[in-house]
Amino acid sequence: MPTPTATTGYLSDPWLSLAAGLRPAPDPGRRSTVALRLTVTDPPPGVHATVDVRVDLEAGRLAVTPATGEPPRLLITLPYTAAYTLLLGAARPRAELLERGDVTITGNFSLLFFIDAALQRDRSGHVAALRAGTAVPPGHVPWDEPKAEEGGTGTSRTDREALTRAADTLPGTLRELRREVGTSTPGAQFYASRDGRVLADVGLGLARPGVAMTAQSAPLWYCCAKPLLSVALGRLWEAGDFDPYRPVAHYLPEFGTRGKSHITSMELLCHTGPVPTGLDPLHGVVTGPDAERLRRALDVQVPLKSPEDRPGINYSQWWAWFVLARLLPAIDGRDYVPYVEQQILRPCGMERTRVCLTPEDYATYGDRLPLIHVSNLGDVPQPTYFWSTRGATTRCVPGVNTRGPLSDLGRLFEMLLEDGTAPGGRVLAPTTVAALTARHRTGLTDRYGNADWGFGLRLESRSLGPEYISFSRHASPRAFGHDGLWTAVVFADPEARLTVAVHLNGKVEHERHRERILRIADAVYQDLKLT
């Protein structure tokens, strides 16, 4: 291997030789190897503007070569210093790349979580060797990783008593949660109620290094927050101010460009719009400046399709919800955050939920927020800072970066079980709740087990086969809810009068997450003898 000189220019020919000398290189044929292509928008002289990168998620091994042939499925375009941070930077600056506004990502965005964990873990030493032999680009800002808080890992007497009560009522469920804490996830939060009576409201393990996960912690809801916008638009539908079957451009004329004039709100709510998941225009700037996110959201081009193409599922992590949230000020006059706070959170008693944090919130408890940890194929979970930096938590990302205890999330679904009635008054009419939880998408499935869909809600679809179980093997066909990408799930079952919310702050691959969530949810039904 070439001797590191600490003067080799990043992505120059000598640097690529340095990278090539690191052995063994990742095997491109292994499932654990992820391929991506980096394109630098401002390459200095002597630097390759486009390179292909392979990352071994198990060992953190890297291979970087000049770009050739067909591009891989993950494409990242960014400035030179940002490209340095992406591969050789620390965890927090890597997450902050999505806040800049000058990064574009095409493809499976979720792979960034697993790449980040592999580069942090660096089991092979490749990252450390490359750092030692690479000149830091001009303008790069040094970083210091935050230190874990001393102490604070213990739970209070109140938390311990809550765990004891939950274990008495749901012994099998608590056993399954404890089986995951310390293995696939450092911590968990769990809430369950039946007929409005709380059965469990507990936290287990760690929220982040040095900080306990308690029932009061505010984990990231991820896509489990999408039902908030479903309820908000349901209210406008109920009032006669909004028709989900009309084109979005009827309410937002600026949206109706580049092939988007006929896209309806219902298509976006059911994830059957024409923009593929991998082409989500907000991938690189999901927590970026509002003006840049709006520009990309409105400017996205609908891919051309032939008349023979059948409708399919194009799950939108953020683009569609960013657009749909703009319907609120266009129709009601209030922006997404104040509307949700006033019309949903307040009457439901969701006092500790934050659609997005204020700068004051972040200054007060930002260093105690639960972090998402990522485990690569059974390796030790690594804490990541995606969605947990100051920029990410204080910028509104509708349907994604809401935070709060799962007891609050449970209250939202208890309101739906009560036909729209909440402790602070009626939120929806019973007919509107029925419309939100009805089947608006049928006959479509994807490889992640998604099938029938409601008004922005996932519906239980186990009648289609075991691979399409949405929540539990014992859930009734009327159950509805949502999941948060490989971390969380929330659902309500009208026939069982049951509400369940689970958050595991350890992200694992889809198959492993599905298996653990089904075990936990099944245990709830078994404990309550609802099987």
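Just above sits the structure.
Residues numbered from 1 in each chain as written. Predicted model: local features only at pLDDT ≥ 70, side-chain atom pairs only at ≥ 80, totals over all residues. Heavy atoms only, no water.

Details of the sheet that holds strand β11 (residues 373–374)
To keep things clear, this is the line we draw: We call two strands paired when DSSP finds no fewer than two bridges between them. Each helix corresponds to a stretch of at least 4 residues labelled H or I by DSSP, and each strand to a stretch of at least 2 residues labelled E; elements are numbered beginning at the N terminus.
A sheet is described by the order of its strands in space; here three strands give the open sequence β12-β11-β19, paired in mixed fashion. Edge positions in the sheet fall to β12 (382–383) and β19 (506–507), since each of these pairs with one other strand and no more. As judged from the two bridges shared by β11 and β19, these two strands associate in the parallel manner. Bridge pairing links V374 to K507 in β19.

Describing the pairing of strand β2 (residues 33–40)
In plain terms, the rule: Exposure classes here rest on a 1.4 Å probe applied to the protein chains alone. A residue is buried below 20% of its type maximum, exposed above 50%, and partly exposed in between.
Counting buried positions over the eight residues of β2 gives six, a clear majority of the element. Pairing of β2 with strand β3 (residues 50–56), which is carried by seven bridges, proceeds in the antiparallel orientation. Across the sheet, residue R37 finds its bridge partner in β3, namely D52. Here four bridges tie β2 to strand β5 (residues 75–78), and the two strands are oriented parallel to one another. When the sheet's bridge partners are listed, L38 is paired in β5 with I76.

Some details on the nonpolar core
Counted only if it meets this: To qualify as a nonpolar core, a set must consist of buried Ala, Val, Leu, Ile, Met, Phe, Trp, Tyr and Cys residues joined through side-chain atoms within 4.5 Å. We call two residues in contact when some of their heavy atoms are within 4.5 Å.
Y10, W15, L38, I76, L233, Y336 and W387 are the most contacted members of the largest nonpolar core, which totals 129 residues. When residues no more than four places from it in sequence are discounted, the contact partners of W387 are F113, L220, Y222, V286, T287, W318, A392, T393, V397, V400, N401 and R403. Of all hydrophobic cores here, the second largest spans 29 residues; its members include L177, V489, L504 and V524.

Some points on unusual backbone geometry
Note on backbone geometry: most residues besides glycine have negative phi, and most peptide bonds are trans. Between R23 and P24 the backbone carries a cis peptide bond, its omega angle lying at -5°. Tracing the sequence through the fold places P24 in the loop between α1 (13–20) and β2. Its identity as a non-glycine residue notwithstanding, L11 has a phi of 70°, on the positive side. Here L11 is to be found in the loop between β1 (8–9) and α1. For L11, a relative accessible area of 0% gives the class buried. With a phi angle near 55°, R497 is a residue other than glycine that sits in the positive phi range. Inspection of the secondary structure assignment puts R497 in the loop between β17 (488–493) and β18 (498–504).

Remarks on the pairing of β5
Of the two faces of β5, only one is covered, namely that formed by I76 and L78; the face formed by L75 and T77 stays uncovered. Across three bridges, β5 lies against strand β6 (residues 104–106) in antiparallel orientation. Its bridge partner lying in β6, I76 is registered against I105.

Comments concerning the packing of helix α7 (residues 171–180) against helix α19 (residues 510–527)
Axes are the key here: two packed helices are described by the angle between their axes and the distance separating the axes. Worth spelling out the cut-off: For helices, the fitted line uses only the C-alpha atoms of the stretch in contact; every axis is such a line through C-alpha atoms, and the angle between N-to-C directions lies from 0 to 180 degrees. Reported orientations rely on four angle classes, namely roughly parallel under 35 degrees, roughly antiparallel over 145, roughly perpendicular from 65 to 115, and oblique for the rest. In this scheme the handedness of a crossing depends on how the near helix is turned from the far one: anticlockwise by less than a right angle means left-handed, clockwise means right-handed.
Remark: α7 packs on α19, axes separated minimally by 7 Å, with the N-to-C direction vectors making an angle of 160°. With respect to their mutual orientation, α7 and α19 come out roughly antiparallel. Once α7 is placed against α19, the crossing between them reads as left-handed. Side by side, α7 and α19 meet where P171, G172, T173, E176, L177, R179 and E180 of the first sit next to R512, E515, R516, R519, I520, A523, V524 and D527 of the second.

A word on the state of the cysteines
Selection criterion: Two cysteine sulfur atoms form a disulfide, by the criterion used here, when they sit within 2.5 Å.
Tallying each qualifying case throughout the model produces zero disulfides. The thiol of C224 is unpaired, and the distance to the nearest cysteine sulfur, on C223, comes to 7.7 Å. With relative accessibility at 1%, the residue C224 sits in the buried group. Cysteine C270 is unpaired, with the sulfur of C223 as its nearest cysteine sulfur at 15 Å.

Observations concerning the sheet that holds strand β15 (residues 458–459)
Strands pair in a sheet through their backbones, by hydrogen bonds, and they do so in one of two ways: parallel or antiparallel. Taken together, the seven strands give an open sheet; going across it, the order is β10-β9-β8-β18-β17-β16-β15, and neighbouring strands pair in antiparallel fashion. Strand pairing shows two members of the sheet lacking a second neighbour, β10 (211–212) and β15, which therefore form its edges. Note: strand β9 (residues 197–208) against β10, two bridges, orientation antiparallel. By the bridge assignment for β10, L206 is matched with A212.

Thoughts on the environment of G273
By the element assignment, G273 lies in the loop between α10 (265–269) and α11 (290–299). Linking G273 and R310, residues 37 residues apart in sequence, is a C-alpha distance of 12 Å. Setting aside anything within four residues of it in sequence, one finds G273 in contact with E267 and N314.

Brief notes about α7
Restricting attention to buried positions, one finds in α7 the residues G172, T173, L174, E176, L177 and E180. Residues of α7 that are buried in the fold lie against α6 (157–169), β8 (187–194), β9, β18 and α19. Immediately beyond the C-terminal end of α7, within one or two residues, lies G182, with a positive phi of roughly 95°.

Section: the pattern of salt bridges
For clarity, the cut-off: One speaks of a salt bridge when a side-chain nitrogen belonging to Lys or Arg is within 4 Å of a carboxyl oxygen belonging to Asp or Glu.
Tallying each qualifying case throughout the model produces 28 salt bridges. When the shortest N-O distance is used, the salt bridge between D379 and R123 registers 4.0 Å. Of this pair, D379 sits in the loop between β11 and β12 while R123 sits in the loop between α4 (111–121) and α5 (126–132); the two residues are 256 residues apart in sequence, bridging distant segments of the chain. D379 sits in the buried class, given a relative accessible area of 11%. Between D290 and R293 there is a salt bridge, with its nearest N and O atoms 2.5 Å apart. One end of the pair, D290, and the other, R293, are both in helix α11, three residues apart, so they sit about a helical turn from each other. One salt-bridge network, held together by shared partners, links E176, R179, E180, R512, E515 and R519.

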